[in-house]
Amino acid sequence: MTKEKLEAAVGMSRAWNAREAGKEVARSTIQKLSTPPNFFVLFSTIHYKDHGGFQELLNGVYDVLPENTPLIGGTVTGFMNNYGCYVHGCTALAVSSNKMDVAIGYGKNTKRNPKKAARQCVKMITKGSENSTYNNKFLLNLISAGEIPDIKGMGRRKVIRSGIAPVMNKLLGFSQYVLQKGAARDDEVVEEMIKYLPDYYMLGGGTYDDGSGLENYQFFNNRVLKTSAVSLGIKTDFDLDVLTTHNMKKSDVNFRITKISRDGRSIQEINNKPAASELLKLMSWSEDFLNDKTWYNIAYHFPLGFRIDKNSDEFAPRVIAVILGENLITTIRSKDPEGSVLTIDGRNLIKTIDDNLKSCPSSPSFGLISSCTTRLITMGDKIYQAREHVLDYFKDKPFIVFYVGGESTYSPKNGLNFVNMSFNTSIFSNNEN
């Protein structure tokens, strides 16, 4: 019998020139493997857009990578790996195995028609893996995150409480469906994928930029995409599992949604009162307390929380993406009217990592981890302490934590977790170890 082989490696580059960075990240990754990789996952910060462009980044990768190697990836706010924590550069994970089948897929126009995009992607994954006989199935989904539209004369703002807000609310639909600027709708993409691939374990993340929410990109082989979903499908006999943790706790500020948009993302009234004004009152904040300058220090520390489902006691965080007049626009749909403001402290930001990894296999072979951009922002210099906790688990095994705008896991046993402010692991292990 052929002995099971699993090799994984992480590489990176911090070169400023896009093509040189592509060559270096590919070279530093695959040189650690004894055979060509089954797949290549690439994450990049937004900086290469202005230093040669992402097409040149991919061209550089394929200057080194065997041309038939399946590749997916996208832009992220930052990343953590075996070498450190970075908000500039690119990193990649490559895996070589004789007990693994791989297929990749993509779906376009996720913000306009998320279900159609999901079905397009699933069709490619299914066709590419239809002859595989391995039992364990995994899907990595990288989906375009939300993008804030550019308002003529006002720029891109997160808080608009002025008289123009009602007009902007009416223009949301146009921006969403025609310009594809607005909510990511990535939760809808994943839910549709699950309908067709219910026996897959899944890890998801929204491709993002430097945290400003202006633009993001996805990679599919040597192509650069926008407003798309790209997926890596793996079938294997190696063990795998996924897990979401967030450790956000309910505050004593509770409310009930009494009016909401049809898509579940624009909260218009809470407690039968205009939503934004009522939230400010409940939090004892002044009218001008929450604005574009204070946004990162306030909104990300106090997300809204809703039950995952009506039978659950767990309240999951939903970050407010934009405030338009009295409307609170959330990144993820609210399906339960009962809500609470959530909060977290620095100790629990780290504990979220420990609570997750202590439930993971004791001997990992490699890991991909999606974490919320808001955790990167709110941790500050504690991010280096967080990396030490991740290193304690992986030891010398390769891993990448990539910071995204919306994250998720799905397992056939535990269902879907689609939240913000979370830490989400997908861990592969060689069951011969």
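Before reading on, note that the structure itself is shown above.
Residues numbered from 1 in each chain as written. Predicted model: local features only at pLDDT ≥ 70, side-chain atom pairs only at ≥ 80, totals over all residues. Heavy atoms only, no water.

K.L.:
Pulling in residues and values, what's your account of the overall build of the protein?
P.N.:
What the protein contains, in helices and strands, is 10 helices and 27 strands. In terms of overall dimensions, the protein has a C-alpha envelope of 70 × 45 × 40 Å along the principal axes. Residue burial in the protein is summarised as follows: out of 433 residues, 58% are buried. By element, 49% of the accessible surface of the protein is carried by carbon and sulfur atoms, the whole surface being about 17,600 Å². A gap of 5 Å separates the mean positions of the 53 positive and 46 negative side-chain charges of the protein. (Helix = DSSP H or I, 4+ residues; strand = E, 2+ residues; numbered from the N terminus. Buried < 20%, exposed > 50% of the residue type's maximum accessible area, 1.4 Å probe, protein only. Areas by Shrake-Rupley, 256 points an atom, 1.4 Å probe, with all protein chains shown as cover. Lys, Arg positive; Asp, Glu negative; His and termini not counted. Charge placed at Lys NZ, Arg CZ, Asp CG, Glu CD.)

K.L.:
Could you give me a rundown of the pattern of salt bridges, with the residues and numbers involved?
P.N.:
For side chains bearing opposite charge, pairing can occur when the charged atoms are close. By the definition in use, this model includes 20 salt bridges. Close ionic contact of Lys-137 with Asp-199 constitutes a salt bridge, the shortest N to O distance being 2.6 Å. Here the residue Lys-137 occupies a position in strand S8 (residues 136-144), and Asp-199 occupies one in the loop between helix H5 (186-196) and strand S10 (201-207), the gap between them amounting to 62 residues. A relative accessible area of 18% places Lys-137 in the buried class. The class for Asp-199 is partly exposed, based on a relative accessible area of 38%. One salt bridge in this structure joins Asp-187 and Arg-265, with 2.5 Å as the shortest N-O distance. Here Asp-187, found in helix H5, pairs with Arg-265, found in the loop between strand S15 (249-260) and strand S16 (266-270); they are 78 residues apart in sequence, far enough to count as distant. Residue Asp-187 shares its accessibility class with Arg-265, and that shared class is buried. (Salt bridge = Lys/Arg side-chain N within 4 Å of Asp/Glu carboxyl O.)

K.L.:
Mind laying out the nonpolar core, listing which residues take part and the relevant values?
P.N.:
Ranked by internal contacts, the top residues of the largest apolar core, which has 50 residues, are Met-80, Ile-267, Leu-279, Trp-295, Leu-304, Ile-323 and Leu-328. The greatest single-element share of this core, amounting to 6 residues, is contributed by helix H10 (residues 383-394). Ignoring any residue separated from it by four or fewer positions in sequence, one finds Leu-328 in contact with Arg-265, Ser-266, Ile-267, Ala-275, Ala-276, Leu-279, Leu-304, Ile-320, Val-322 and Ile-323. Counting residues in each nonpolar core, the second largest holds 33 residues, with Phe-43, Ile-72, Leu-225 and Val-242 among its members. (Core = buried A, V, L, I, M, F, W, Y, C linked by side-chain atoms within 4.5 Å. Contact = heavy atoms within 4.5 Å.)

K.L.:
Give me the lowdown on helix H6 (residues 275-282), citing residues and values where you can.
P.N.:
Along H6, the residues that are buried comprise Ala-275, Ala-276, Glu-278, Leu-279 and Leu-280. Buried residues belonging to H6 abut S16, strand S17 (273-274), strand S18 (304-307), strand S20 (320-324), strand S21 (327-330) and strand S22 (338-343). With its phi angle positive at about 60°, Ser-284 sits one or two positions after the end of H6.

K.L.:
Tell me about the packing of aromatic side chains, and please be specific about residues and values.
P.N.:
For any pair of aromatic rings, geometry is given as the distance between the ring centres together with the angle between the planes. Counted according to the given criterion, the structure contains 12 aromatic pairs. Seen from their ring centres, Phe-138 and Phe-428 are 5.1 Å apart, and the 85° between their planes marks the pair as edge-to-face. Pair noted here: Phe-138 is in strand S8 and Phe-428 is in strand S27 (residues 423-429), with a separation of 290 residues, a long-range link. We note that Phe-138, like Phe-428, is buried. Among the aromatic residues, those joined into a ring-pair cluster are Phe-54, Tyr-217 and Phe-219. Above the plane of the ring of Tyr-217 lies Lys-226, whose end atom (NZ or CZ) is 4.5 Å from the centre. It is Lys-250 that lies over the ring of Phe-315; its NZ or CZ is 4.5 Å from the centre. (Phe/Tyr/Trp six-rings, centres within 6.5 Å; stacked < 30°, edge-to-face > 60°. Lys NZ or Arg CZ within 6 Å of the ring centre and 35° of its normal.)

K.L.:
An account of the sheet that holds strand S11 (residues 218-220) is requested, with residue identities and associated values reported.
P.N.:
If you walk across this open sheet you meet the 6 strands as S1-S6-S2-S3-S11-S12, and the pairing is mixed. Looking at the sheet topology across the chains shown, the edges are occupied by strand S1 (6-13) and strand S12 (223-225). Averaged over all neighbouring strand pairs, the angle between strand axes comes to 15°, with direction disregarded. Direction of pairing for S11 relative to S12: antiparallel, over a ladder of 3 bridges. Bridge pairing links Gln-218 to Leu-225 in S12. (Pairing = 2+ DSSP bridges. Axes fitted to C-alpha atoms, helices over the stretch in contact; angles between N-to-C directions.)

K.L.:
Which residues make up H5, and what values do they have?
P.N.:
In terms of burial, H5 is a largely internal element, 8 of the 11 residues being buried. All of the buried residues in H5 are Asp-186, Asp-187, Glu-188, Val-189, Val-190, Glu-192, Met-193 and Ile-194. Lining the buried residues of H5 we find helix H3 (114-128), S8, S10, strand S13 (228-236), strand S25 (407-411) and strand S26 (415-419).

K.L.:
How would you summarise the packing of H3 against H5 if you had to cite specific residues and measurements?
P.N.:
For any two helices packed against each other, the geometry is given by the interaxial angle and the distance between the axes. Two elements in contact, H3 and H5, have axes separated by 8 Å at closest approach and are oriented at 45°. Between H3 and H5, the crossing angle belongs to the class labelled oblique. In the packing of H3 onto H5, the handedness of the crossing is right-handed. Here Pro-114, Lys-115, Ala-118, Arg-119, Cys-121 and Val-122 of H3 come into contact with H5, specifically with Glu-188, Val-189, Glu-192, Met-193, Lys-195 and Tyr-196. Among the residues forming the contact of H3 with H5, the class breakdown is 7 nonpolar, no polar and 5 charged. (Parallel < 35°, antiparallel > 145°, perpendicular 65-115°, else oblique. Left-handed = near helix turned anticlockwise from the far one by under 90°. Nonpolar A, V, L, I, M, F, W, Y, C, P; charged D, E, K, R; others polar.)

K.L.:
So what's going on with the sheet that holds S25? Which residues, and what values?
P.N.:
Strand pairing within a sheet occurs via backbone hydrogen bonds; the two strands may be parallel or antiparallel. The sheet built from 6 strands is open, its strands ordered S7-S13-S8-S10-S25-S26 with mixed pairing. The open sheet terminates on both sides in strands that have one partner only, identified here as strand S7 (100-108) and S26. Mean inter-strand twist for the sheet, computed between neighbouring axes without regard to direction, equals 10°. Two strands pair when backbone bridges link them, and S25 and S26 are joined in this way by 5 bridges, in the antiparallel orientation. Looking at the pairing, Tyr-410 lines up with Leu-416 of S26. Together, S7, S8 and S13 form the strand contacts of H3, whose direction differs from that of S7 by roughly 155°. Here H5 sits on the sheet in contact with S8, S10, S13, S25 and S26, set at roughly 170° to S26.

K.L.:
Quick one: what's the story with the pairing of strand S2 (residues 39-44), residue by residue and with numbers?
P.N.:
Within a regular strand, side chains alternate between the sheet's two faces. When you tally the buried positions in S2, you get 6 out of 6 residues, the bulk of the element. A two-sided burial pattern is seen for S2, the buried positions comprising Phe-39, Val-41 and Phe-43 on one face and Phe-40, Leu-42 and Ser-44 on the other. With 6 bridges connecting them, S2 and strand S6 (residues 90-97) associate as antiparallel partners. What sits directly across from Phe-40, in S6, is Ala-94. Examined bridge by bridge, S2 and strand S3 (residues 71-75) share 5 bridges and lie parallel to one another. From the neighbouring strand, Leu-42 faces S3, where its bridge partner is Gly-73.

In short, geometric facts, not functional conclusions.
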